[in-house]
Amino acid sequence: MVFTVLAALSGMEREYIRDRTLEGHESARSRGKTIGGAAVTDDAMLSMALHLAPRT
């Protein structure tokens, strides 16, 4: 029973963290900030990114 209660609390905490993170991303976007990595701006940058990317 204790584990069930702890699991429920953990799930609620995870949802709270997720909601706050999404709110932060929305706020940053509204201020003009970009989320994520740098954008590829030209062919040289794309070539370097593809060279550095791990092969699968």
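Residues numbered from 1 in each chain as written. Predicted model: local features only at pLDDT ≥ 70, side-chain atom pairs only at ≥ 80, totals over all residues. Heavy atoms only, no water.

Here we take up the pattern of salt bridges. It is possible for side chains of opposite charge to pair when their charged atoms get near one another. Considering all chains together, one arrives at one salt bridge under this definition. Here E23 and R20 are joined by a salt bridge, their closest N and O atoms 3.5 Å apart. Of this pair, E23 and R20 are both found in helix α1 (residues 2-30), three residues apart, which corresponds to roughly one turn of the helix. E23 gets classed as partly exposed once you look at its relative accessible area, which sits at 46%. (Salt bridge = Lys/Arg side-chain N within 4 Å of Asp/Glu carboxyl O. Helix = DSSP H or I, 4+ residues; strand = E, 2+ residues; numbered from the N terminus. Buried < 20%, exposed > 50% of the residue type's maximum accessible area, 1.4 Å probe, protein only.)

As for its position among the elements, S10 is in helix α1. The partly exposed category is assigned to S10, whose relative accessible area is 46%.

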